Amino acid sequence: MGGLTIRYLMRRIGIYLFTVFASATLVFLIARATPGDPVESRWRQIEMDQGQIPEIEAIIARYKTRFGLDDPLSVQYVKYLGNTARFDFGYSFSQFPTPVWRLIRRALPWSLGLSVTTLLISFFVGNTVGAIFAWERTPRFIKSIIPSTLIFTSVPSVLAALFLLYVFAMLLRWFPLAGAYSRDVQPGWNWPFILDVIKYGTLPVLSILIVNVGWTVLGMRAMLVTIAGEDYVRLAEAKGLNPFYTLYRYKVRNALLPQLTGLALSLSGLIAGQVLVETIFAYPGMGLLIFQGIRSQDYPVIQATSYMLILLTATSVLLIDLLYPLIDPRITHDGGQA
Amino acid sequence: MTAATSNRLSSTLPSPASGYQDVKLSFKHSPWYNGKLLAGASVLGLLVLGLLVGHSVWDQELAYVGSSPLNLPPVGLEYKGQVGTWAHPLGTENAGRDMLALIIIGAPRSLLIGFTAAIIGLVVGVLLGFSAGYLGGRVDDVVRLATDITMNIPGLLVLIIIQSALPRAGFFTMALLLSLFSWQGATRVFRAQVLSMKQSGYVLMARLSGSSPFDIMFKEIMPNLMPYLVSNLTFGTSYSILTMVGMEVLGLGAQRIPSLGVTLNNAISASAILRGMWWWWALPTAVLIMIFMCLLLIAVGMDEVANPRLRDA
Amino acid sequence: MKNRNVLFVMLLLVSLGLLVACTTEPETVVETVIEQVEVTRIVEKEGETVVETVVQEVEVTRVVEVAPPPEPTAAPLPETPPGQYQNALRHETVFFDASVTHGDPANFNPWILDNVRDVGLHQAMIEPLFILNYETGTIDPYLGLSMEPNATFDVWTLKLRDGVKWSDGEAFNADDVVFTVQMFQAAAPDMGADVARWTASAEKIDDLTVQFNLTAPNPRFQLDLWSVKIWGDRNSIVPEHIWKDYLDAPMEFTNYDPDKGWPVFTGPYKVAAFTSNEWVYIRDDNWWGVAAGFDDLPVPKRLIWTHYGTEETRASAAINNELDAMANTTKGAFEAIAARNPNFITWTDGLPYAWQDPCPRYLLINTQHPIWSDPDLRKAVNLAVNREQIVTIAYEGTSYPSKSHFVQYGAMDKYINALEAAGLAASPTADPEAAKALIESKGWALNAKGWYEKDGQVLTLEILTMEEFQEIRRIGDVVAEQLRKVGIDSQTRVLGFFPLLGAMGEDTAQSAIWFLCGGVNEPYVSLNSFHGGEGAVQGGSERWTGPNWEAYRQAVDLLAGFAPGDPASIQPTVDAYRYLIEDMPNIPLTQASQLLPLNTTYWTNWPTVDNPYTYPATWTQNAHLIIHNLQPAK
């Protein structure tokens, strides 16, 4: 407990706040760096789908005023920062007058569900396999099979998703093609719905999982190998303790903690990969929302969703960092991490 | 899959101060003795060689639309009444582009973009990491802050948004954008390494003898960090390629560079899988996976070079 | 150590092998059975015609496993009783392809920009006043019976059908129309911008008659404002008794409350359920049309619009009979579907399969560019373009070469024929020699690299194309290759829609592949695109200027006064078009293609080129006609 000094806490929270501020600014700037005019561009695109729209100039002018695109950039920026701090993302442009927050509230639970499931499975499976991989007593043939799993680490999650979709949904038809649950069930806390959600979520989770789990395996292996050289492990082995007990008690437990940091760090990659996978499976989460936002050039939606995802990532990393010294008494957080 | 994870792998390695001098002094531990490294490097080398030869031998005009018959299968096979010919040994796709030419042009582009991005990221990372570790103080604070902040931002996500907003980026812009999210890992690792090495005997010696920080960095510290450098570079390369391919496959990449990801996007948007035109999507995928495997082997091999304990496991 | 390396290399190979193994086409089980078939035949026997029945053994080859045929029809199919249509059976349900998902699917306000209109709302619920028939050019009545102008086109009288009821039982009448117009006038331009502009006032004459007093004469008042022309009727009539409570902010009204039975429209279906990517509508057996003698109830008891992710997913769903009507599909995907589910049909039986979308593609050239300001060079480009080849390569044969700037529907035939007769139509093939001669006549000569060059300047043409539209990208690639063959150094540059609009505004821009969503039953709307509008100094993105443009403007203004489809407008069309051809600021290329696979496993009587009761788009509002015409498969 003593590891958590006020100085560290202040610094860590400072970094967190600055991260959030910087990313909010980044998101704002990217949207404004766009040459051309999002409002006009969107309406012209609609004309392409729906034929000529009468009085389109008047409509475009009205939208520009409504979304404050006539203000000078500095005014827009200050307004934007103030609104973002209050989670007021304004209205969706393409679904005006729907507030962006309503869209996010619909999408967020699905995305969170996917990420948390993937993260947990990846952590447990990855570390178990990593431990087997590194243990001296593991039979050689198992050790030689495991590297083949690393093949998946080399596949972009999009391709993994397409592959799974093709094999399990199209050819074998074990899993549904798209969506989050079927039309026959009533959303709520009932078994048919929960089972349905699991069924629909399996392939998206797998797509992200098989790409990510390899890194956990490699990290765990490296960790264990390093620990194997420590004095206390040698001592335990010299005492002739049960090798499985040694593996678990002296090695895995000590290796797991640093792996936790790795978990926090892999989070951002995981979420980004999920954006692509959700698109492939038409899974109604934040990723699909962003993708649709990009397609319909809905800047309020793009800004809000990416800001929310960054905020989520940063917050989880912060939590893990703060909890870490509580879990692992060996770590102190006063003089930096040299 | 990300810079963060690659960094995680390297950062779990023990401090080089303990087992390091071996590498410098003993020939037996030369990187060339590591089998994985050798396998990865040689396959990648062969691939690059093949592509280079292809570049000079094969007509690259065939990578353009309408240059060849449509939907031709690879040589010797038959697809919808058309038989593959030696004129197009790997077949063609539905706009009359020759697959061999596409791969010959596309694969080096993907590799080169990834490599350029990784190099930029690495150079920036090494410079920052070295300055932070060696100079300490304010510089250290700023660099650490910058690293911590940017590591929390999902790079791919930001890239997707940038791609959607900016005019489609060219080759170098693309590499630059990718490198924006691949320098942090290197910075962290190098800062830590430099910090621990600063206290080692030979660096202290050099310092006492009045060498400049620049000399110390390149003559004393750098050579010892070589395996880390290479490992970092390969991870960075494969991370950048992965990111780019991910975006390209969804149609968010720079479409006018006919890289492997763009070919895959074309294949997917034309239902190549359902049509049974496997050569259209499987060949680019196979080449990509081969590249990734080789890079992974090199990186893992390099880690083993840097951390002798890993070799025995 | 050594064998580990070998192992890694092996793994590499195995993974490649696996990949290749996975790539073989999914097998369809083909079984051959001997079946006994009763054959009835008419035989001439000794001068007499006899009907005889013979039992024959026939070898039947069947594709099994994939696309199981529906239950044999020996016993009548089970039926879902009224009140339970939500769980209607497969053969009572039509599945449509939804092209998008919606973050907020619970908003049924028809005027939201990315609204849920075309995922069922305007196909199943919002009935239009009139529907334009693309083949005949007539404006067919629906909720409206007729709409007649006075001689000067500035007073229009709308007659409504008798007996129309909103889904909550209230009568649909002139009050609703007048209310809707007033709502538009208050809320423009967010909704009903054109109604607000053209209508000075709408007066109720009696319950079924409304008189519109216009701000200016408009021969297209009925067609443009109150009919389904392209996609849908933007100015849908809404029930006054519901919307009057939201008159101060009608855009914010979500029009959804299941307890009150909202949304309320007149159509034969009601909203039953929805998610972000799926909308379910069930039949309303109390639909007004039966009692009013307008039409029978449509047969489908349930309509479902579902969004699947990629085309592969859509196609896969189609093969599994989880889709009945698909949105635009590539030729390759359609052939893959048809091979595994032979029940799928398209607009034409065989190539080009596709129906023409109302937005033909053309090449626009910046007429203010220093090189391309010369009309003869633009004509040379026209000569160098091979439209048939564009169709063959860019569309894989699934489109039609354009004869003019107009879409080639039956209603446009008389105009296009007149252009052909006047020698103004575009040729389907290229004449490279004539193109070269024309370029050389302007002082250009081939250089060592094979490009035309004059005064040290190479003849280049950069064609901008749209990243988002693969079709347009592919057209651009083919055109560039064709121009390179005659010595013009042409390249395409792919830009997002966004930057493309910006780039076209730059002086250095040379050309772009563009689309013209113009008239579908008259040339005026298309031709007006290059007019520039009142007081303009140049026309369209082509920046067309000069004496021919001035003359063209006058000719188009003349055309504006004719009622759509008036035969007297044919000659003025030819006159105006002649100026376009003389300056050639743009070059028509191909018709836009919509390849729409339709599934006959459960439903028949889809619109086809031989049965063109309407067009086969199911995301547009004319789908009312399709839904009413569908018949269950035997």
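Criteria and thresholds
- Per chain, residues are indexed from 1 in the order of the written sequence.
- All chains are assigned letters beginning with A, and all ligands numbers beginning with 1, in the order in which they are written.
- With pLDDT at 70 or above as the cut-off, local features in this predicted model cover only qualifying residues; side-chain atom pairs require 80 or more to be listed or tallied, and sums for whole chains, interfaces and linings still use all residues.
- Only hydrogens and water are set aside; all other atoms, that is, all heavy atoms of the structure, feed into the side-chain values.
- In this description, contact between two residues means that some pair of their heavy atoms is separated by no more than 4.5 Å.
- Throughout this description, the term salt bridge denotes a Lys or Arg side-chain nitrogen within 4 Å of a carboxyl oxygen of Asp or Glu.
- Distance and chemistry together define a polar contact, namely a pair of N or O atoms within 3.5 Å, with one atom able to donate a hydrogen and the other to accept it when in protein, and with adjacent residues in sequence counting only for side-chain atoms on both sides.
- Strands are runs of DSSP state E lasting at least two residues, helices are runs of H or I lasting at least four, and both sets are numbered from the N terminus onward.
- For the exposure calls, accessible area comes from a 1.4 Å probe over protein chains only, and a residue counts as buried if that area is under 20% of its type's maximum, exposed if over 50%, partly exposed in between.
- Residue ranges labeled as domains rest on an automatic or database domain assignment.
- In short, buried area is how much 1.4 Å probe accessible area vanishes from two parts on joining, totalled over both.
- Each residue receives one of three labels: charged for Asp, Glu, Lys and Arg, nonpolar for Ala, Val, Leu, Ile, Met, Phe, Trp, Tyr, Cys and Pro, and polar for the others, Gly being one of them.
- Lining residues are defined by having an atom within 4 Å of a point belonging to a cavity or pocket. Those points lie on a 1 Å grid over the protein atoms alone, cavities being sets where a 1.4 Å probe fits but cannot get out and pockets being open sets with protein on both sides within 12 Å along at least five of seven lines.
- Grid points are joined across faces, edges and corners, and a volume is the space filled by probe spheres set on the points.
- Pairing between strands is defined by DSSP: at least two bridges between the two strands are required.
- Here the axes come from fitting lines to C-alpha atoms, over the contacting stretch only for helices, and the angles between their N-to-C directions go from 0 to 180 degrees.
- Here the aromatic set is Phe, Tyr and Trp, taking the six-membered ring for Trp, and pairing holds for ring centres within 6.5 Å; pairs whose planes are under 30 degrees apart are stacked, those over 60 apart are edge-to-face, and all others are tilted.
- In our convention, an over-ring charge means Lys NZ or Arg CZ found within 6 Å of a ring centre and within 35 degrees of that ring's normal.
- Look down the strands so they point away from you; if going from the first strand over the helix to the second traces a clockwise path, that crossover is right-handed.
- We call a pair of cysteine sulfur atoms a disulfide when they lie within 2.5 Å.
- Crossings are sorted by hand: turned counterclockwise from the far helix by less than a right angle, the near helix makes the crossing left-handed, and turned clockwise it makes it right-handed.
- In this text, buried Ala, Val, Leu, Ile, Met, Phe, Trp, Tyr and Cys residues form a nonpolar core when linked through side-chain atoms within 4.5 Å.
- The predictor attaches a confidence to each residue, called pLDDT, with possible values from 0 through 100.

**Some words on the interface of chain C and chain A**
With 66 residues of chain C at the contact, the number on the chain A side is 59 residues. We note a salt bridge from aspartate 190 of chain C to arginine 62 of chain A, for which the minimum N-O separation is 3.2 Å. Along the contact surface separating chain C from chain A lie seven residue pairs in polar contact (both at pLDDT 80 or more). Elements with a minimum of two residues in the side of chain C that touches chain A: α1 (2-21), α4 (193-198), β11 (269-275), β12 (278-283), β13 (302-306), α8 (311-319), β15 (355-365) and α15 (497-504) of chain C.

**Examining the side chain of threonine 180 of chain C**
All names here are of chain C. One can find threonine 180 in helix α3 (residues 174-187). Owing to a relative accessible area of 0%, threonine 180 belongs among the buried residues under this scheme. Excluding residues within four positions of it along the chain, threonine 180 makes contact with Ser236, Ile237 and Val238.

**Details of the domain arrangement of chain A**
Accessible area lost during the coming together of the parts is what is often quoted as the interface size. Residue and element names in this part refer to chain A. Here chain A is partitioned into domain 1 (1-94 + 298-338) and domain 2 (110-295). On the side of domain 2, 18 residues touch domain 1, which itself brings 19 residues to the contact. Contact between domain 1 and domain 2 buries roughly 1,500 Å² in total, counting both sides, with carbon and sulfur atoms accounting for 78%. The three residues of domain 1 that bury the most area against domain 2 are Leu309, Ile320 and Tyr324, which together make up 31% of that side's buried surface. The interface formed by domain 1 and domain 2 holds zero salt bridges in total. Breaking the side of domain 1 that touches domain 2 down by element, the ones donating at least two residues are α2 (38-50) and α12 (299-327). Examining the composition of the side of domain 1 that touches domain 2, we find that 14 residues originate from one element, α12, more than from any other. Split into classes, the residues belonging to the side of domain 1 that touches domain 2 amount to nine nonpolar, five polar and five charged.

**Let's talk about empty space enclosed by the protein**
Throughout the structure, instances matching the rule amount to 13 cavities of 30 Å³ or more. What the largest cavity holds in volume is close to 280 Å³. Looking at the lining of the largest cavity, the elements with two or more residues in it are α2 and α3 (56-66) of chain A together with α4 of chain C. Of all the elements, α2 of chain A adds the most residues to the lining of the largest cavity, at three residues. Its residues assigned to classes, the lining of the largest cavity shows 15 nonpolar, four polar and four charged.

**Quick word on the sheet that holds strand β9 (residues 209-214) of chain C**
Residues and elements named next belong to chain C. Read across the sheet, four strands follow the order β6-β7-β9-β8 without closing on themselves; strand pairing throughout is antiparallel. One side of each edge strand has no neighbouring strand; the edge strands of this open sheet are β6 (144-149) and β8 (199-206). The average angle at which neighbouring strand axes cross in this sheet is 20°, direction not considered. Sheet analysis places strand β7 (residues 155-160) next to β9, joined by five bridges and oriented antiparallel. Opposite lysine 159, over in β9, you have threonine 209 as the bridge partner.

**Brief notes about the packing of aromatic side chains**
Applying the stated criterion across every chain, the model contains 48 aromatic pairs over all chains. Here phenylalanine 253 of chain C and tryptophan 262 of chain C contribute two aromatic rings whose centre-to-centre distance is 5.4 Å and whose plane-to-plane angle is 85°, an arrangement assigned as edge-to-face. The pair phenylalanine 253 of chain C / tryptophan 262 of chain C is uniform in exposure class, with both members buried. Aromatic ring contacts, followed pair by pair, group Trp111, Phe184, Trp243, Tyr246, Phe253 and Trp262 of chain C into a single cluster. Here the guanidinium or amino end of arginine 66 of chain A rests over the ring plane of tyrosine 63 of chain A, the centre of that ring lying 5.2 Å away.

**Quick notes on the pairing of strand β19 (residues 460-466) of chain C**
All names here are of chain C. For β19, the tally of buried residues reaches five of seven residues, placing the bulk of the element in the interior. As judged from the seven bridges shared by β19 and strand β20 (residues 489-495), these two strands associate in the parallel manner. Bridge pairing in β20 places isoleucine 463 opposite threonine 492. Between the parallel pair β19 and β20, the chain is carried across by helix α14 (residues 470-485), and the sense of this crossover is right-handed. One ladder, built from two bridges, connects β19 with strand β21 (residues 511-515); its direction is parallel.

**Concerning helix α9 (residues 331-340) of chain C**
Judged by how many residues are buried, α9 of chain C sits mostly within the fold: seven of 10 residues are covered. Every buried residue belonging to α9 of chain C is among Lys331, Gly332, Ala333, Phe334, Ala336, Ile337 and Arg340 of chain C, and all of these are buried. Lining the buried residues of α9 of chain C we find α13 (272-275) of chain B together with α8 and β14 (344-345) of chain C.

**Thoughts on the pairing of strand β22 (residues 586-594) of chain C**
Two faces belong to every sheet, and in a regular strand the side chains alternate between them. Residue and element names in this part refer to chain C. Most of β22 sits inside the fold, with nine of its nine residues counted as buried. Judged from the seven bridges that link them, β15 and β22 form a sheet pairing that is antiparallel. Bridging across to β22, tyrosine 362 finds its partner in proline 588.

**Things to note about the sheet that holds β15 of chain C**
All names here are of chain C. Spatial strand order, β20-β19-β21-β15-β22: five strands in an open sheet with mixed pairing. Of all the strands in the sheet, the pair left with one neighbour each is β20 and β22. Strand after strand, the sheet turns through a mean of 25° between neighbouring axes, direction not considered.

**Notes on the state of the cysteines**
Residue and element names in this part refer to chain C. Taken as a whole, this structure holds one disulfide over all chains when the rule is applied. Sulfur-sulfur distance for the disulfide between cysteine 359 and cysteine 517 comes to 2.0 Å. Torsion about the S-S bond of the cysteine 359 and cysteine 517 cystine: about 105°, corresponding to right-handed handedness. Of this pair, cysteine 359 sits in strand β15 while cysteine 517 sits in the loop between β21 and α16 (524-528), and the two are 158 residues apart along the sequence. Here cysteine 359 matches cysteine 517 in class, with each residue buried.

**Describing the pattern of salt bridges**
Following the criterion strictly, the structure yields 28 salt bridges over all chains and no others. For aspartate 97 of chain C, the salt bridge is made with arginine 314 of chain C, and the minimal N-O distance between the two is 2.5 Å. Note that aspartate 97 of chain C is positioned in strand β3 (residues 93-97) and arginine 314 of chain C in helix α8, a separation of 217 residues in sequence. The partner of arginine 361 of chain C in a salt bridge is glutamate 471 of chain C, and the shortest N-O contact between them spans 3.1 Å. Of this pair, arginine 361 of chain C sits in strand β15 while glutamate 471 of chain C sits in helix α14, placing them 110 residues apart in sequence. Among the ionic contacts, a cluster of salt bridges with common partners joins Arg62 and Arg66 of chain A together with Asp190 of chain C.

**Side note on the packing of helix α5 (residues 99-135) of chain B against helix α9 (residues 184-198) of chain B**
Residues and elements named next belong to chain B. Close contact between α5 and α9 brings their axes to 7 Å; oriented N to C, the two are set at 35°. The way α5 lies across α9 gives a crossing that is right-handed. For the pair α5 and α9, contact is made by Leu122, Gly125, Val126, Leu128, Gly129, Phe130, Ala132, Gly133 and Tyr134 and by Ala186, Thr187, Phe190, Arg191, Val194, Leu195 and Lys198, respectively. The residue makeup of the contact of α5 with α9, split by class, is 10 nonpolar, four polar and two charged.

**Some thoughts on the nonpolar core**
The biggest cluster of nonpolar side chains holds 169 residues, and the ones touching the most others in it are Phe212, Trp226 and Tyr281 of chain C. Of all the elements, α3 of chain C adds the most residues to this core, at eight residues. Beyond its immediate stretch of four places on either side in the chain, tryptophan 226 of chain C contacts Leu129, Phe130, Met147, Val181, Val195, Phe212, Phe221, Asn235 and Ile237 of chain C. The next biggest cluster of nonpolar side chains, apart from the first, holds 151 residues, and it includes Tyr80 and Ile104 of chain A, Trp278 of chain B together with Met326 of chain C.

**Overview of unusual backbone geometry**
Residues and elements named next belong to chain C. Cis geometry is adopted by the peptide bond preceding proline 263, which originates at tryptophan 262 and carries an omega value of 0°. Its place among the elements puts proline 263 in the loop between α6 (240-243) and β11. Between leucine 351 and proline 352 the backbone carries a cis peptide bond, its omega angle lying at 5°. Secondary-structure assignment places proline 352 in the loop between β14 and β15.

**Concerning the confidence of the model for chain C**
Residues and elements named next belong to chain C. In this model, chain C carries an average pLDDT of 86, and 88% of its residues clear a pLDDT of 70 or more. The low-confidence segment residues 1-33, where pLDDT is below 50, has 55 contacts with residues more than four positions distant or belonging to other chains. Confidence drops under a pLDDT of 50 for residues 60-69, and excluding neighbours within four residues, the segment shows 27 contacts in the predicted structure.

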